[in-house]
Amino acid sequence: MKEFAPLLHGYWYLFRGAEMTLLMAAAAVVPATFVGILLALAQVFGNRFARSAVVGYLFVIRGIPLLVLLTFVYYLLPLTGIDLPPFWGVVVVMALYYAAFMSEVFRAGILSLPRAQWDAARSLGMTRQLMLRIVIFPQALRLASPPFVSLCANLVKATSLVSIVGLWELTMASREIVERTLAPFQIFLGAAAIYFCICYTLALYGKYLERRALVGH
Amino acid sequence: MPLDPHFIARLIPALIEGAEVTVELAILTFAICLVWGLIVALAHSTRGPLSWIAGAYIQIVRNTPLLIQLYIVFFGFSMIGFGLSGFASGLLALCIQNGGYMAEIYRGGLQAVSLRQYEAGRALGMRRATLYRTVIIPQVVARIIPPMTNQAISIIKDTSQVAAIAVMEMMKVAEVWVESSANTYDVFLGVAVIYLALTSVAGLAGKLFERQLAFAQ
């Protein structure tokens, strides 16, 4: 059992990496959600200019790998002289990247509400603002929550990419330990198990939300 | 200096050479996963231990990052004396992950065909093979084209992660050029444009295929 001692230390180190992964994902998901909702609103309710701006943004973001943008920022940040720690640099990129996918989720939520909901609210004499606030948005958010949660799981997986541009989190931690212990299977499988626990929990939660969202219909 | 024409004239051929590897990886992954995903989906639709194994496979590969799978294949296999080249490791990891996603797409397509379609076919006295060939499969194919198109786009973007194990695909070529020239803007502009072009072509191909099928029906 002696050979397991360094591995046990390794696993402990992985958990600290996982903490960083969760922190990074949480820091990115909040602004991503916020910007995603704004983009969705602009695309559904905005004028022609706003709509085409959003469509252009989505086209560009969804056609380029996240890794390209992360690497770009990694090389660019020092050049621009913006004094932003690398952690916040990647958080901003991830947030802007995932905002595009979030906006699709929220837009689908708004658009998949039956027409009758809008008509009913209007026939009750509600102002547009009131209608959106108490009729449309609560239901749209409920419809959007299952895909939102699976997008969050995707974001957690995507944080592994920041290890390529040199940030320390779970994947970077596992690479460091592998370099020291030369036990790639044990360590990488350990890291995979941690990612799995996080993402599968989110996936199950998404399934639960999906079942619940169907109940009302 | 950004947008230096002499630099771009030398850069473009190098990037295109990298893009060839990117395209090769993406097409191979897509083609292999079309088959592998179907096998997994069919295994998942049976009853018994085979279904359980397929289900576990789908959940595990979908809820762990591609990058970790890549490291397990590349570093893990070489540790046990079963070393694969970077390209082969990348291809294997891409297929492992996307096979899981494609299996879910097939499953969704099969589930979306209502049971009444089977009953109606049988009521008309169709043989099993005829029923599948003329009724079920055309409907499944029509339904899976949009998600398959998205998966193809996602595969093209995923190939960039293979740069992490030093395969000279477009992302790695770009990194080398940035490191050696410090002309960050031009390199990333070129890479972004080529990725956008590749993903747009995949998206358009999916749309065309969809339309052609709509005519055929």
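Each chain carries its own residue numbering, running from 1 in the written order of its sequence. Whichever chain is written first becomes A and whichever ligand is written first becomes 1, with later ones labelled in order. Totals for whole chains, interfaces and linings use every residue, but because this is a predicted model, local features are given only for residues with pLDDT of at least 70 and side-chain atom pairs only at 80 or more, for both listing and counting.

A. Broad picture of unusual backbone geometry. In the Ramachandran plot, Leu 182 of chain A falls in the positive-phi region, its phi being about 50° despite a non-glycine side chain. Numbering goes from the N terminus for both helices and strands, where a helix is a DSSP run of H or I of at least four residues and a strand is a run of E of at least two. In this structure, Leu 182 of chain A sits in the loop between α7 (170-181) and α8 (184-215). Taking the number of C-beta atoms within 10 Å as the measure of exposure, Leu 182 of chain A has 10 and is therefore exposed. With a phi close to 65°, Ala 166 of chain B is a non-glycine residue in the positive phi region. Position of Ala 166 of chain B relative to the elements: it lies in the loop between α6 (128-158) and α7 (170-181). Overall, the presence of 13 C-beta atoms within 10 Å leaves Ala 166 of chain B in the partly exposed class. Burial in this document is a count-based property: other C-beta atoms within 10 Å of a residue's C-beta are tallied, and the residue is buried at 20 or more, exposed at 12 or fewer, or partly exposed in between, with C-beta positions derived from the backbone.

B. Examining the confidence of the model for chain A more closely. Confidence in the prediction of chain A, expressed as mean pLDDT, is 91, and 96% of residues score 70 or more. In predicted models, pLDDT denotes the confidence assigned by the predictor to each residue on a 0 to 100 scale. No element of chain A has a lower mean pLDDT than helix α3 (residues 66-80) of chain A, which averages 88, and none a higher one than helix α2 (residues 48-63) of chain A, which averages 96.

C. Just α6 of chain B, in detail. All names here are of chain B. The end-to-end C-alpha distance of α6, which contains 31 residues, comes to just 39 Å, noticeably less than the 45 Å that a straight helix rising 1.5 Å per residue would cover. A maximum bend of about 40° is found in α6 at Ile 145, where proline Pro 146 lies one to four positions downstream. Of the positions making up α6, those classed as buried are Ile 144, Met 148, Gln 151, Ala 152, Ile 153, Ile 155, Ile 156, Lys 157 and Asp 158. Expected span of a helix: the number of residues minus one, times 1.5 Å. We define the bend at any residue as the angle between the axes fitted to the seven residues before and including it, ending there, and the seven starting there.

D. A look at the environment of Ile 136 of chain B. Residue and element names in this part refer to chain B. Summarising the element assignment, Ile 136 is placed in helix α6. For Ile 136, a count of 17 C-beta atoms within 10 Å puts it in the partly exposed group. Residues Ile 136 and Tyr 118, 18 residues apart in the sequence, show an inter-C-alpha distance of 7.6 Å. With residues near it in sequence (within four places) discarded, Ile 136 still touches Val 113, Gln 117 and Leu 131. Residue pairs are scored as contacts if the distance between their C-beta atoms, which are placed from the backbone, is within 7 Å.

E. Broad picture of the interface of chain B and chain A. On the side of chain A, 29 residues touch chain B, which itself brings 27 residues to the contact. Looking at the side of chain B that touches chain A, the elements that each hand over two or more residues are α2 (49-62), α3 (66-79), α7 and α8 (184-216) of chain B. The biggest single contributor to the side of chain B that touches chain A is α8 of chain B, with eight residues. Each residue is assigned to one class: nonpolar for Ala, Val, Leu, Ile, Met, Phe, Trp, Tyr, Cys and Pro, charged for Asp, Glu, Lys and Arg, and polar for all the others, Gly among them. Its residues placed into classes, the side of chain B that touches chain A shows 16 nonpolar, nine polar and two charged.

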